[in-house]
Structures are given as structure tokens and as C-alpha cells.
Amino acid sequence: MKIAVLIKEVPDTGEDRLLNLETGLADRAATEVVLDEISERTLEVALKHADANPDTEITVLTMGPGSAQATLRKGLAMGAASAVQISDEELLGADLVLSAEVLAAALRRGNYDLVLTGNMSTDGSAGVLPVMLAELLDLPAATSLSSVEISDGTISGSRELEGASAKVSAPLPAIASITEALPDARFPNFKGIMAAKKKPIETLSLADLGVEPLPADTARSIMVSVAQRPARTAGTIVTDDGEAGNALAEFLIKNNLA
């Protein structure tokens, strides 16, 4: 079985993340970039299947700048067999539509049985890329899975809903996205780190994929505005002088919190 795992380099969530107020893009130079945690969990799903099925071939795939090779190397050190990086200056600031078109073009080349991805990245948090890819590739999608079972011809799992849990399944080939309910990923060991240095990373451009971006002044989607998050203000303090209960009730009612 051939499995492609989509991974992403993101600003470290442990640090303050900043936006460039002129471009609306994340200021990656101001923050350390790391492999997204949901990407690690997604790769772990594929690796666990490979542990029990030695004929499984796992490829990690990302779209990003040259620095993203570090995240690919980590994926290879964890156990993936090969990696694909899509890197092109014309992809700077690519919106979701262009990103989906590019990733779909790369996935078509691999003829994968299963494409695994996180339900959403921690930088964009859009949560729509898995279904966009499914539409472009004409594949069934099993999304937002909190548990996963992969067999020879099917992927299945549970999707948590408000007050309920749904069992979903899809025939392979398919796309599936997972949530943070899945277990933490394994740590790369020394043997894996050394082996990763010899594993292949294929680098692709837009020309290689046959994708033509629209001119820079013709966006597929439009950002209306961007602003810095306002500084936090002090909360309301209620001094208990015997009337604190009434004051709290009035505050809740006034702010439609009751």
C-alpha cells in the first residue's frame, strides 16, 4: 500500500505569532518554524499501519520554502521512506484554492492508495483542504477522524459530533483527515535520524506539476482586511461588600451571559 502523508511547516505555537500587516501573511522570520503537531500525529497513523504491514510505503509531502526540508527530514527520521517538496517563489502567500490545486497535482503523480492529512493546520486553521483535495482528485473523503482503521480496501474510523459519535468508512483509494484525538507521534531515534540523511527528497516546481498560478494581482481569494490583535484589558473586579452576588448577576445579565 502506498500512503502519502501531507505535512506542514508552521510557526511554533509556543511563541507569539505575528502577521505582516501589509501582506496579511504570517511573519515567519519572527518565529521559529516547526513541524505541525497535527502533521506528526497524522504520520504516526501511517507508521503504525506500516509497523503491522511491512509492504507499506510512506511518502511525506509538503508545500513550502527551502526551510521546510527540515520538517521533511524529521518525517523521514520518524520512518517515512521518501519525501516530496513543492517549492516555488510564485507560491509565496498562496491561498487555499491554489494550495489545493498544487497539492492535488503532486498527489496525482504518486498514484497513492491513501492520502492522510490533519483536519486543520495550526497556522491557518481553515479545515477545508482535505475536502478540496477530495473534490479535485475525485476521491471519497473520511474526514475529522478521532480513530482510524486501515484495511486492504477500506479506511474507517469514528467522527465525534456534538453529543454523538459517527462511524464512517470509505473505499480506497481515499483521503482521510484526523484530529488531535489520535495519539502523540513517536520520537525519531538515532538510527532513524541517520537513515533519514540517505532517503530521497524530490523537489518539484509549478512547472514540473503543470500548474500555472494566476498573476500576482489576480487572487483566487481576497483578504478584506488584516489588523493586529488588540492588547488584553483588565477584567471587571467585583469587591465583595455583601452585594457581590447581585453585582455578579447584573454583570452577567448586562453582557448577555446569563
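Being a predicted model, the structure only gives us computed values, none of them experimental. (Residues numbered from 1 in each chain as written. Predicted model: local features only at pLDDT ≥ 70, side-chain atom pairs only at ≥ 80, totals over all residues. Heavy atoms only, no water.)

Peer 1: Explain the overall build of the protein here, please?
Peer 2: Counting secondary structure elements, the protein contains 7 helices and 12 strands. A buried classification covers 38% of the 258 residues belonging to the protein. Considering only contacts within the protein whose residues lie at least 6 apart along the sequence, 68% involve residues at least 24 apart. Working note: accessible area of the protein is about 15000 Å², and carbon and sulfur atoms make up 52% of it. On the protein, the mean spot of the 21 positive side-chain charges and the mean spot of the 37 negative ones are 7 Å from each other. (Helix = DSSP H or I, 4+ residues; strand = E, 2+ residues; numbered from the N terminus. Buried < 20%, exposed > 50% of the residue type's maximum accessible area, 1.4 Å probe, protein only. Contact = heavy atoms within 4.5 Å. Areas by Shrake-Rupley, 256 points an atom, 1.4 Å probe, with all protein chains shown as cover. Lys, Arg positive; Asp, Glu negative; His and termini not counted. Charge placed at Lys NZ, Arg CZ, Asp CG, Glu CD.)

Peer 1: Can you help me understand the pattern of salt bridges in this one?
Peer 2: If charged atoms from side chains of opposite charge come close, those side chains can pair. Applying the stated criterion to the full structure yields 6 salt bridges. Through salt bridges that share partners, Glu37, Arg41 and Asp184 make up one connected network. (Salt bridge = Lys/Arg side-chain N within 4 Å of Asp/Glu carboxyl O.)

Peer 1: Help me understand the pairing of strand S11 (residues 174-178), please; the structure alone is not making it clear to me.
Peer 2: Residues in a regular strand project their side chains so that they alternate between the two faces of the sheet. Here S11 lies mainly inside the structure; 5 of its 5 residues are buried. Side chains of S11 alternate between two faces, with Ala174, Ala176 and Ile178 and Ile175 and Ser177 buried alike. Sheet analysis places strand S7 (residues 141-145) next to S11, joined by 3 bridges and oriented parallel. Bridged to leucine 145 within S11 is isoleucine 178. (Pairing = 2+ DSSP bridges.)

Peer 1: Looking at this structure, I do not really get the sheet that holds strand S9 (residues 154-161). What am I missing?
Peer 2: Sheets are built from strands that pair by backbone hydrogen bonding, the pairs being arranged parallel or antiparallel. Strand order in the open sheet formed by 3 strands is S8-S9-S10, and the pairing between neighbours is antiparallel. Each of the sheet's edge strands pairs with one partner strand only, and the pair in question is strand S8 (147-150) and strand S10 (164-171). Direction aside, neighbouring strands of the sheet carry axes that sit 15 degrees apart on average. Sheet topology note: the S9/S10 ladder contains 8 bridges and is antiparallel. Bridge assignment links glycine 157 to a residue of S10, and that residue is valine 168. (Axes fitted to C-alpha atoms, helices over the stretch in contact; angles between N-to-C directions.)

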